[in-house]
Amino acid sequence: MNIFITGGNGQVGFELQRQFSLFGNVLAPTRHELDLTDANAVDAYLAEHQPALILNAGAYTAVDKAESEPEQAKRLNAELPAQLAEYAAKHNIPLVHYSTDYVYPGDGETPWQEDSPTAPLSVYGQTKLEGDQAVTQSGCQHLIFRTSWVYAARGNNFMKTMLRLGRERDALSIVNDQIGAPTPARLIAQVTALAFAPHHSPLTTHNSPLSIHIPSGIYHLAPRGETSWHGFASEIFKQAQVLGEELAIQSGTVSGIPTVEFPTPAQRPLNSRMRLTKLEAALGVTLPVWQHQLALTLAECCEE
Ligand SMILES: NC(=O)C1=CN([C@@H]2O[C@H](COP(=O)(O)OP(=O)(O)OC[C@H]3O[C@@H](n4cnc5c(N)ncnc54)[C@H](OP(=O)(O)O)[C@@H]3O)[C@@H](O)[C@H]2O)C=CC1
Ligand SMILES: Cc1cn([C@H]2C[C@H](O)[C@@H](COP(=O)(O)OP(=O)(O)O[C@H]3O[C@@H](C)C(=O)[C@@H](O)[C@H]3O)O2)c(=O)[nH]c1=O
Ligand SMILES: [Mg+2]
């Protein structure tokens, strides 16, 4: 059975390749093998490989650049998921899709729920929302995991930017009024796999490893707890130092600044808090706290 992973070289897609290789034959074409902006090529790929499951981790994730490349962002973030969902509905196969805290307006301090009103502040957020809506409306079996602040030992992310800057500089200013939860790509892939692998007992009827065993819908997926980007950066430096990283910066010397002092092309939400109870209840799990998840990820990239 073929499992088609888009964006398999990205942060989430790579970890999905690890987890789902137990469940079937993983197909994860690189951008040279399959250009996801080419709708005809995607159709031809689907027709040739007849996947039994699609995990859509491909996306346009350059938040600032999306402001000046809205068409490209829309193709990857809105039209591609619509196309995959249409295929999934027609062939009665499940689709997993990934979404973002940037679909929410970011006001207030109350954690968002999956059915909270959306109001994206950026092109990236708007195109991601259109993707979510297309998947929801397609009628296919689906899971949409809304996650936030994704990082991993490989790929481009805030943690790796901070490790690089922390080696080069002895002072940094980081925004302290955007609040959310940093999520390791590996946690996202583990949780995705759990949604496909129910506990078996000899008394239960066999479930296919390629069918979803929780209701279709949107689920928030992040670790427990909350912090700011400044808090995340400070914790990265504190933990990296303990692991023996040679840093020019001390965790205590990172200055916190308001968003208005760090102008960027795209506006980002101040409140990215997300309630996690829907996912925890559906899967029967307790999500781990973000600090311990950071330790696991840092150990991977700070180890000599
Ligand atoms: N990163 C984050 O902080 C967050 C991400 N998400 C969502 O999670 C999902 C996964 O994100 P993440 O793993 O971080 O993203 P990455 O940017 O790490 O990976 C995206 C993948 O898509 C591929 N891709 C992009 N354009 C094309 C194209 N034209 N043809 C073929 N492949 C293409 C990239 O290929 P290549 O490797 O060649 O560039 C890459 O493998 C996305 O839906 C994202 O919106 C949600 C919340 C936070
Ligand atoms: C490098 C740097 C960033 N910042 C700020 C800018 C921004 O508000 C915050 C994080 O920077 P980033 O560029 O990593 O942020 P960004 O790329 O917007 O991260 C987002 O990516 C998309 C794909 C998502 O879906 C979101 O969940 C979120 O993870 O830190 C500083 O304050 N100082 C700095 O030196
Ligand atoms: Mg980024």
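Please read all numbers here as calculations on a predicted model, not as lab measurements.

So, how was this worked out
Residues numbered from 1 in each chain as written. Chains lettered and ligands numbered in written order. Predicted model: local features only at pLDDT ≥ 70, side-chain atom pairs only at ≥ 80, totals over all residues. Near = placed C-beta within 6 Å. Helix = DSSP H or I, 4+ residues; strand = E, 2+ residues; numbered from the N terminus. Nonpolar A, V, L, I, M, F, W, Y, C, P; charged D, E, K, R; others polar. pLDDT = per-residue confidence, 0-100. Pairing = 2+ DSSP bridges. Axes fitted to C-alpha atoms, helices over the stretch in contact; angles between N-to-C directions. Contact = placed C-beta atoms within 7 Å. Expected span 1.5 Å × (residues − 1). Buried ≥ 20, exposed ≤ 12 C-beta atoms within 10 Å, placed from the backbone. Arc of directions from axis to C-beta.

1. Thoughts on the site of ligand 2
In the vicinity of ligand 2 there are 17 residues, among which Val63, Thr100, Phe158, Val175 and Trp229 approach most closely. Broken down by secondary-structure element, the contributors of at least two residues to the shell around ligand 2 are α5 (158-168) and β7 (172-175). Here the shell around ligand 2 is built from residues that sort into 10 nonpolar, 5 polar and 2 charged.

2. A look at the confidence of the model for the protein chain
Averaged over every residue, the pLDDT of the protein chain is 95; residues scoring 70 or more account for 95%. We note a pTM of 0.96 for the whole complex and an ipTM of 0.98 for its interfaces.

3. Quick word on the sheet that holds strand β2 (residues 25-27)
The strand order β2-β1-β3-β4-β5-β10 describes an open sheet built from 6 strands, whose pairing is parallel. The sheet terminates laterally at β2 and β10 (217-220), the two strands that pair on one side only. Going across the sheet, the axis of each strand differs from the next one's by a mean of 20°, ignoring polarity. Relative to β10, strand β5 (residues 142-147) runs parallel, the two sharing 4 bridges. Bridging from a neighbouring strand, phenylalanine 145 pairs with tyrosine 219 of β10. Of the strands in this sheet, β1 (2-6), β2, β3 (53-56) and β4 (95-100) touch helix α1 (residues 11-20), which is tilted by about 165° from β1. Packed on one face of the sheet, helix α4 (residues 123-138) meets β4, β5 and β10 and runs near 150° to β4.

4. Re helix α9 (residues 290-302)
Between its first and last C-alpha atoms α9 spans 18 Å; for 13 residues at 1.5 Å apiece the expected length is 18 Å, and the two agree. Taken as a whole, α9 has its buried residues at Trp290, Gln293, Leu294, Thr297 and Leu298. For α9, the angular spread of buried residues about the axis comes to 130°, placing them on one side. Residues of α9 that are exposed and point more than 90 degrees away from the buried face comprise His292 and Ala299.

5. Points about the site of ligand 1
Lining the immediate surroundings of ligand 1 are 24 residues, of which Gly7, Gly10, Arg31, Ala59 and Val150 lie closest. Secondary structure elements with two or more residues in the shell around ligand 1: α1 and β4. At 3 residues, the largest contribution of residues to the shell around ligand 1 is made by α1. Taken together, the residues that form the shell around ligand 1 break down as 9 nonpolar, 12 polar and 3 charged.

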